[in-house]
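# Chain and residue survey
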Amino acid sequence: MSAMESKVKTAAAVVSGPSSSSSSTWLGAPASERSKRTINPIRAIVDALKIPKNPMKPLLKLSLGDPTVFGNMDVPDSVIDDVTSNLRTKKINGYLPSTGLPDAKRAIALKFTQKSAPLTENDVIINSGASGSIRMVIETLLNPGDNILLPQPGFPLYECCATSQGAKCRFYNLLAGSNWEADLKQMETLVDKRTRAILVNNPSNPCGSVFSKEHLTQILNFAEKHHLVVVADEIYANITFTGTKFIPIASLSKEVPVLSIGGLAKQYCVPGWRVGWILIHDRKDRLKEVRKGLLHMSTLILGANSIVQHSIPHMLHKTDTSYYKAFNKQLESQAENFMSGFRNNQIPGLRCIEPKGAMYCMVEVDETKFKDIKDAFEFTQKLLLEEFVFVLPGACFRAPEYFRAVFLAPKEIIKEAVGRIKAFCDRHKA
């Protein structure tokens, strides 16, 4: 056999694959390395909790940041009317541009533009929820081996997206004793030549904190010093309590490029509608390549929900201002209902860090005050099994000494939950 004939025979064998007489066993297709890296830390922790199957009294869920769960908070009727009217035209069911409906992008830009941080529709990318926006931004900014600065306590999706990308996470501390402000001195120790961005979540999940103008300026100065892009998760923008004002971080600097993330889920009580956005603030043209990258990444989903996008102009510009005031007032009232049960050491062993906005607060557990509870995780597990009150252990947010409570439930449910927590603590006190 000639050399040429041998090559042809070998090529034919490769094309045809293994012969039918092959003795090898097909063990199944392997998962990609990226999929193996894609693990949301919250899942492993929550899955380890034992959930009562037949609770002896109603299960009170103060665990999920979904404003629709209890039926006491709902999307404005005018929005439902607008969506319904649009649907009846039968003209909104097709594909949209991958970056979003132009009318919706213009409405978002107009809603959030400021004199110190102007926006046009070309600065807006509409996405499948704020979580989809977070993922797109992280995947566009980071290469494998790069690192990003993330808050702790913090929302676990940030870490999940970064590690999925093959990037590294470096965690800067939020200080409970300073209203959960960032520890800027510790932050300085985290930066190296592969640090690409710092993520700032304000108002905060899980802390319920709202940063002051002065503190946001300090963070911006840090970012400018180290040439870092600021990724601003502002999904809770303007959800604040009396005496507290939300300030968009992009409004405070012309030098630092900011990718601000927002959406409809929380303020309009429609988390299932899955529409969020990225606002590109780049007055010095430092995100030219990133902007192109975001446009490329947007083609992976071929556009967010078309039905909802057609109603964005109405939602953002025709929802009565009374809705927003009532929404914040109700949240603050429910938060107060929760916090009032913890003040003045009413429940020894627990300290509630009072929130200034968003939908959450963190409660510190002092295990030395209990005779048979070793840490906050065991506290949340026993509370669930004995009193059927479900709160998330702080380990979900890299804060193992705390648990997170959500105050979206009606006042009577919150009052009942606080009463059960107190009874539980009395029963287990040292």
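An account of the accompanying structure is given in this report.

### Some details on the sheet that holds strand β10 (residues 350-353)
Across the sheet, four strands lie side by side as β10-β11-β14-β13; this open sheet has antiparallel pairing. Among the strands making up the open sheet, the edge pair consists of β10 and β13 (392-393). Note: strand β11 (residues 360-365) against strand β14 (residues 402-406), five bridges, orientation antiparallel. Residue pairing in the sheet places Cys-361 in a bridge with Ala-405 of β14.

### What to know about the pairing of strand β2 (residues 124-127)
Each regular strand carries side chains that alternate between the two faces of the sheet. Residues of β2 alternate between two faces, with Val-124 and Ile-126 on one and Ile-125 and Asn-127 on the opposite face, all of them buried. Pairing of β2 with strand β9 (residues 276-281), which is carried by four bridges, proceeds in the antiparallel orientation. Bridge pairing in β9 places Ile-125 opposite Ile-278.

### What to know about the pairing of strand β8 (residues 258-263)
Summarising burial for β8: six of the six residues are buried, a large majority. Where burial is concerned, the two faces of β8 agree: the one with Val-258, Ser-260 and Gly-262 and the one with Leu-259, Ile-261 and Gly-263 are both buried.

### Observations concerning the nonpolar core
Of all hydrophobic cores here, the largest spans 95 residues; its most connected members are Leu-259, Leu-264, Phe-338, Leu-350 and Phe-379. The leading source of residues in this core is helix α12 (residues 321-339), at seven residues. The residues contacting Leu-350, other than those within four sequence positions of it, are Phe-342, Val-363, Glu-364, Val-365, Phe-370, Phe-379, Phe-403, Ile-421 and Cys-425. Grouped together as the second largest cluster of nonpolar side chains are 30 residues, Ala-117, Tyr-172, Val-200 and Val-256 included.

### Description of the packing of helix α6 (residues 129-141) against helix α10 (residues 288-298)
Look at α6 against α10: their axes get within 9 Å of each other, and the N-to-C directions meet at 125 degrees. By the angle class used here, α6 and α10 are oblique. As α6 runs across α10, the sense of the crossing is right-handed. Residues Met-136, Val-137, Glu-139, Thr-140 and Leu-141 of α6 lie in contact with α10, whose contacting residues are Val-290, Gly-293, Leu-294, Met-297 and Ser-298. Class assignment of the residues belonging to the contact of α6 with α10 gives a composition of six nonpolar, three polar and one charged.

Quick notes on the rules
In this numbering scheme, every chain counts its residues from 1 along its sequence in written order. Totals for whole chains, interfaces and linings use every residue, but because this is a predicted model, local features are given only for residues with pLDDT of at least 70 and side-chain atom pairs only at 80 or more, for both listing and counting. Side-chain metrics rest on all non-hydrogen atoms present in the structure, leaving aside hydrogens and water. We treat two strands as partners when DSSP finds at least two bridges between them. Numbering of helices and strands runs from the N terminus; a helix is a DSSP stretch of H or I covering at least four residues, while a strand is a stretch of E covering at least two. Burial here depends on accessible area, computed with a 1.4 Å probe over protein chains only, as a share of the maximum for the residue type. Under 20% is buried, over 50% is exposed, and the range in between is partly exposed. Among buried residues, the Ala, Val, Leu, Ile, Met, Phe, Trp, Tyr and Cys ones that are joined through side-chain atoms within 4.5 Å form a nonpolar core. Note on contacts: a residue pair qualifies if any of its non-hydrogen atoms lie within 4.5 Å across the two residues. Lines fitted to C-alpha atoms define the axes here, with helix axes fitted over just the stretch in contact, and angles between the N-to-C directions of these axes take values from 0 to 180 degrees. Orientation is classified from the angle alone, with under 35 degrees giving roughly parallel, over 145 giving roughly antiparallel, 65 to 115 giving roughly perpendicular, and any other angle giving oblique. Less than a right angle of anticlockwise turn of the near helix away from the far helix marks a crossing as left-handed, whereas a clockwise turn marks it as right-handed. When residues are sorted by character, Ala, Val, Leu, Ile, Met, Phe, Trp, Tyr, Cys and Pro go into the nonpolar class, Asp, Glu, Lys and Arg into the charged class, and all the rest, Gly among them, into the polar class.

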